[in-house]
Amino acid sequence: MKLLDFLKRERKKSASVAKERLQIIVAHQRSQRGQPDYMPMLERELLEVIRRYVQVDDDAINISLDSEDNCSVLELNVTLPRAGEGG
C-alpha cells in the first residue's frame, strides 16, 4: 500500500507543477497580445547583442511596448550579473 500512496502523491505533485507551468505560459501569451509580430525576433536579437559584452540568461531580458495616444514606448529591462560573475 505504501507504493500506491507514493505514486498517488507524485501524480498530485506533478499535476500541480504542470498546472503552474500552464498558468505561466498562458500569462506570457496574454501579455504578448497586441504586440507587433517582430517583437520576439527583436527580443532575440537584442539578447544576442547584449551577449557580445556580457553573458546573461535567456530570461534575463524583458521587453514591453506601450502605446498611448500617438506615442509608443519600447521598454527594455536586462538583469545583468554582478561584477565578476559574467563574461
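For the structure, check the block above.
Let us look at the structure shown here.

The rules behind each value
Residues numbered from 1 in each chain as written. Predicted model: local features only at pLDDT ≥ 70, side-chain atom pairs only at ≥ 80, totals over all residues. Heavy atoms only, no water. Helix = DSSP H or I, 4+ residues; strand = E, 2+ residues; numbered from the N terminus. Expected span 1.5 Å × (residues − 1). Buried < 20%, exposed > 50% of the residue type's maximum accessible area, 1.4 Å probe, protein only. Arc of directions from axis to C-beta. Contact = heavy atoms within 4.5 Å. Patch = residues over 30% accessible without salt bridge, like charges linked within 9 Å, V, L, I, M, F, W, Y side chains within 5 Å. Areas by Shrake-Rupley, 256 points an atom, 1.4 Å probe, with all protein chains shown as cover. Salt bridge = Lys/Arg side-chain N within 4 Å of Asp/Glu carboxyl O. Lys, Arg positive; Asp, Glu negative; His and termini not counted. Charge placed at Lys NZ, Arg CZ, Asp CG, Glu CD. Pairing = 2+ DSSP bridges. Core = buried A, V, L, I, M, F, W, Y, C linked by side-chain atoms within 4.5 Å.

**Focus: helix α2 (residues 39–51)**
Then comes step 1: The end-to-end C-alpha distance of α2, which contains 13 residues, comes to 18 Å, matching closely the 18 Å that a straight helix rising 1.5 Å per residue would cover.
Then comes step 2: Residues of α2 that are buried include every one of Met39, Leu47 and Ile50, and no others. For α2, the arc enclosing every buried residue in end-on projection is 80°, short of the 170-degree limit, so these residues lie on one face. In α2, the exposed positions angled more than 90 degrees off the buried face are occupied by Arg44 and Glu48.
Then comes step 3: At its buried positions, α2 is contacted by β1 (61–68) and β2 (71–78).

**Observations regarding a negative patch on the surface**
Then comes step 1: A grouping of Asp66, Glu68, Asp69 and Glu75 is seen on the molecular surface, where their side chains present a negatively charged patch.
Then comes step 2: Here Glu75 shows up in strand β2.
Then comes step 3: Among the residues examined, Glu75 registers a relative accessible area of 35% and is labelled partly exposed.

**A look at the pairing of β1**
Then comes step 1: In this structure, β1 lies alongside β2, joined through eight bridges in antiparallel fashion. Pairing of Ile61 across the sheet is with Val78, part of β2.

**Regarding the nonpolar core**
Then comes step 1: Met39, Leu47, Ile50, Val54, Val56, Ala60, Ile61 and Ile63 together form the largest nonpolar core, which totals eight residues.
Then comes step 2: Secondary structure elements with two or more residues in this core: α2 and β1.
Then comes step 3: Of all the elements, α2 adds the most residues to this core, at three residues.
Then comes step 4: Once residues lying within four places of it in the same chain are set aside, the contact partners of Leu47 are Val56, Asp57, Asp58 and Ile61.

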